[in-house]
2 protein chains.
Amino acid sequence: MTSPTSARPPGRPRAGVNAAVFAATLSTVQEVGYARATVERIAGAAGVAKSTVYRRWPTKGALIVDCLLDAFGPAPLAGGSRAELMTSTIRWVAAKVGEPGVGDAFAGVFSDAVSDPALREILSTRLQDPYRIALQEALDEPENRVLFFIDVVVGVLLHRMGMTGEPMVERDVDALIDMILPHFTEGPSRA
Amino acid sequence: MTSPTSARPPGRPRAGVNAAVFAATLSTVQEVGYARATVERIAGAAGVAKSTVYRRWPTKGALIVDCLLDAFGPAPLAGGSRAELMTSTIRWVAAKVGEPGVGDAFAGVFSDAVSDPALREILSTRLQDPYRIALQEALDEPENRVLFFIDVVVGVLLHRMGMTGEPMVERDVDALIDMILPHFTEGPSRA
DNA sequence: TCTTTTCGCTACCTTGAGTATCGATACCTG
DNA sequence: CAGGTATCGATACTCAAGGTAGCGAAAAGA
């Protein structure tokens with residue numbers, strides 16, 4: 001161990017501005033859209049210098065991913081039947097994506113990741129994997145099935161958000177649940 | 001009518017470079033990714049000046065949308081049962097998204113559209129609407145159901161493409177079909 | 001007081017979208 | 001053949017935004 005947890009590094013300690021930057025990121029993205037939510041603008045909204053942001057996050061993509069991690073928080077995988085678990089998970093993701101700025105930021109960073117393998121790695125490792133692993137254990141499904149589940153839920157919600165600019169309405173979230181559940185509970189090995 | 005169909009406008013006629021530009025767009029996107037597929041690079045690959053590209057397409061997004069329209073072509077809605085129709089449609093979209101460059105370009109322009117309402121309008125009107133209308137008639141489903149269908153199919157395929165960089169494998173396309181079909185054929189009004 | 005690190009600020013570099021201009025060229029019409 | 005018109009290639013340009021570098025100042029511990 002090169003640096004024990006209790007060892008406080010020397011020098012001026014970092015100010016607690018992460019929360020302010022996250023809040024500023026979401027509100028800025030919501031106000032002006034993802035593309036116009038420049039790092040300089042976000043920093044300004046957070047009352048922080050641009051260089052301070054780049055001292056903490058190496059790229060804009062990394063900032064957004066951390067912001068999304070903060071916004072989503074741990075998955076509420078409260079027990080119950082498999083159906084209840086999946087239902088609550090889908091509703092939770094839908095609700096989060098519908099929160100101001102979250103859906104835009106998610107869709108935006110996802111789009112950037114398409115042509116940026118490094119960002120794709122960050123997105124996959126830091127954001128998707130933790131939830132994927134938790135779901136794998138909670139649902140007792142193999143990895144490829146959980147990945148498919150995530151593709152469906154997130155893909156559909158982001159596509160709706162991207163095409164219309166609005167989060168998916170509750171009625172369609174119901175339809176989504178209604179479509180997914182039978183596939184994962186009735187015939188676990190149909191394909 | 002200000003300009004009848006038969007009236008050929010004066011001046012030097014346009015050279016037939018659209019096809020070359022479309023091909024160059026896909027190959028360039030495939031080679032270097034969406035973000036690095038600059039208009040200048042695409043024009044160069046097509047053996048055409050950048051100004052010529054901008055004379056035909058107002059923005060990069062409009063170029064990509066036209067390129068995708070050309071790549072997808074008309075939907076092969078050959079008759080049959082509803083189930084056969086939906087199955088073939090899903091396989092067709094999956095195959096197209098899997099073609100070199102198409103998936104990247106699609107995911108890329110989709111991402112750009114998230115924070116660009118004008119591009120979103122183009123994407124929705126020129127690319128989605130024609131297929132949506134054709135599907136509405138072929139499947140005899142209301143608009144919101146067809147939109148949901150498109151959200152599912154395209155959303156899932158693009159999410160997989162965006163997260164992994166690879167198109168969805170056939171086995172998962174089978175699972176997708178297996179999940180969607182019952183929802184649209186057995187219980188048309190469950191939600 | 002000295003060291004270390006962060007802070008805000010500003011200036012800068014680079015890339016890429018989109019615009020403007022210019023001479024050259026292709027086509028139609030008179 | 002001459003004139004008009006719109007395209008073509010080439011080049012130069014503006015502008016926005018990601019990211020970098022260097023500065024003096026401030027906040028801690030030693």
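The rules we used
- Residues numbered from 1 in each chain as written.
- Chains lettered and ligands numbered in written order.
- Predicted model: local features only at pLDDT ≥ 70, side-chain atom pairs only at ≥ 80, totals over all residues.
- Heavy atoms only, no water.
- Near = heavy atom within 4 Å.
- Polar contact = N/O pair within 3.5 Å; in protein donor to acceptor, adjacent residues only side chain to side chain.
- Helix = DSSP H or I, 4+ residues; strand = E, 2+ residues; numbered from the N terminus.
- Nonpolar A, V, L, I, M, F, W, Y, C, P; charged D, E, K, R; others polar.
- Patch = residues over 30% accessible without salt bridge, like charges linked within 9 Å, V, L, I, M, F, W, Y side chains within 5 Å.
- Areas by Shrake-Rupley, 256 points an atom, 1.4 Å probe, with all protein chains shown as cover.
- Salt bridge = Lys/Arg side-chain N within 4 Å of Asp/Glu carboxyl O.
- Lys, Arg positive; Asp, Glu negative; His and termini not counted.
- Charge placed at Lys NZ, Arg CZ, Asp CG, Glu CD.
- Least-squares fit on C-alpha atoms with pLDDT ≥ 70 in both.
- Contact = heavy atoms within 4.5 Å.
- Buried < 20%, exposed > 50% of the residue type's maximum accessible area, 1.4 Å probe, protein only.

Visitor: So what exactly am I meant to see when it comes to the protein's contact with DNA strand C here?
Guide: Within the structure, DNA strand C sits among 21 residues, and Arg12, Ser51, Thr52 and Arg56 of chain A together with Lys50 of chain B are positioned closest to it. At 3.1 Å from a base oxygen of DNA strand C is found a main-chain nitrogen or oxygen belonging to Arg12 of chain A. One nitrogen or oxygen atom from the side chain of Thr52 of chain A is found 2.3 Å from a phosphate oxygen belonging to DNA strand C. Of all the secondary-structure elements, those providing two or more residues to the surface near DNA strand C are α3 (50–56) of chain A together with α3 (50–56) of chain B. With four residues, the top contributor of residues to the surface near DNA strand C is α3 of chain A. Class assignment of the residues belonging to the surface near DNA strand C gives a composition of seven nonpolar, six polar and eight charged.

Visitor: Help me understand a negative patch on the surface in this model?
Guide: Where like charges cluster on the molecular surface, the negative patch consists of Asp112 and Asp116 of chain A together with Asp112 and Asp116 of chain B. With respect to the helices and strands, Asp112 of chain A occurs in helix α6 (residues 102–114).

Visitor: Can you walk me through the relation of the copies chain A and chain B in this structure?
Guide: Taken together, a rotation about one axis and a shift along it account for how the two chain copies relate. For these two chains of identical sequence, chain A goes onto chain B by a turn of 180 degrees and a shift of 0.0 Å along the axis, with RMSD 0.1 Å. Expressed as a symmetry operation, the mapping of one chain copy onto the other fits a two-fold axis. Looking at chain A, 100% of its interface residues are interface residues in chain B too, so the copies touch through the same face.

Visitor: Hey, could you run me through the pattern of salt bridges in this one?
Guide: Any two side chains of opposite charge can pair if their charged atoms end up close together. Residue and element names in this part refer to chain A. Within the structure shown, the criterion is met by 18 salt bridges over all chains. Arg132 is the salt-bridge partner of Asp129, the closest N and O atoms lying 3.3 Å from each other. Remark: Arg132 and Asp129 occur in helix α7 (residues 117–139); sequence separation between them is three residues, near one turn of the helix. For Arg132, a relative accessible area of 12% translates into the label buried. By sharing partners, the salt bridges in this structure join Arg82, Glu141 and Arg145 into a single network.

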